[in-house]
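# Report on the structure
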Amino acid sequence: MKYIVNKGHQPDTDISLHLRTGDILKWSDRPTLYTGWIWCQTSINKTGWVPEDWVEFDGDSCRMLKDYDSTELIVQPGDELQKILTESGWLYASHQDGRKGWVPLDCVSAT
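Residues numbered from 1 in each chain as written. Predicted model: local features only at pLDDT ≥ 70, side-chain atom pairs only at ≥ 80, totals over all residues. Heavy atoms only, no water.

### What about the side chain of Thr 42?
Put simply, the test is: Secondary structure elements are taken from DSSP: a helix is a run of H or I of four residues or more, a strand is a run of E of two residues or more, and numbering for both begins at the N terminus. Relative accessibility thresholds used throughout: buried, under 20% of the residue-type maximum; exposed, over 50%; partly exposed, between the two (1.4 Å probe, protein chains only). Any two residues whose heavy atoms approach within 4.5 Å are treated as being in contact.
Summarising the element assignment, Thr 42 is placed in the loop between β4 (37–41) and β5 (47–51). For Thr 42, a relative accessible area of 14% gives the class buried. Once residues lying within four places of it in the same chain are set aside, the contact partners of Thr 42 are Leu 17, Leu 19 and Leu 25.

Here it is in structure tokens:
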């Protein structure tokens, strides 16, 4: 499915998490505009948002159930994206220039 960007998106940070199935993280419940996401910290102290449904909880730790890359795309109105998946208010997609990453669903429209 294709999407067109109708509102630009600029990530808050250029730091991304690159996690593998089985990675163990510390997690905390932080306020966010998007439900279904938890704040996590890796063993090397990198932090970022992770889809809650992609982890198995064990107290204040969790284990990744699948690979995950938190890279967000910088997009401008008119950009074309090809859907890879959606998760909790976000689209993971391939940009027309080949970049892959996350964009809030409220920034795009399905074509």
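The rest of the description comes next.
### Let's talk about the packing of aromatic side chains
What describes a pair of aromatic rings is the distance from one ring centre to the other and the angle between the planes of the rings. Quick note on the threshold: Planes of paired rings set the category: under 30 degrees apart is stacked, over 60 is edge-to-face and the rest tilted, where pairs are Phe, Tyr or Trp rings (Trp by its six-membered ring) whose centres lie within 6.5 Å. By definition, being over a ring means that NZ of Lys or CZ of Arg is both within 6 Å of the ring centre and within 35 degrees of the ring normal.
Applying the stated criterion to the full structure yields nine aromatic pairs. An angle of 85° between the planes, with centres 5.5 Å apart, marks the rings of Trp 37 and Trp 102 as edge-to-face. Highlighted residues: Trp 37 in strand β4 and Trp 102 in strand β11 (residues 100–104), separated in sequence by 65 residues. Note on accessibility: Trp 37 and Trp 102 belong to one class, buried. Taking 6.2 Å as the distance between ring centres and 55° as the angle between the ring planes, the aromatic pair formed by Trp 54 and Trp 102 counts as tilted. With Trp 54 in the loop between β5 and β6 (55–58) and Trp 102 in strand β11, this residue pair connects regions lying 48 residues apart in the sequence. Residue Trp 102 is classed as buried on the basis of its relative accessible area, which comes to 3%. Following the ring pairs from residue to residue traces out a cluster consisting of Tyr 34, Trp 37, Trp 54, Tyr 68, Trp 90, Tyr 92 and Trp 102. Across from the ring centre of Trp 39, 4.2 Å away, lies the NZ or CZ of Arg 30, which sits over that ring. Over the ring of Trp 54 we find Lys 66, and its NZ or CZ is 4.5 Å from the ring centre.

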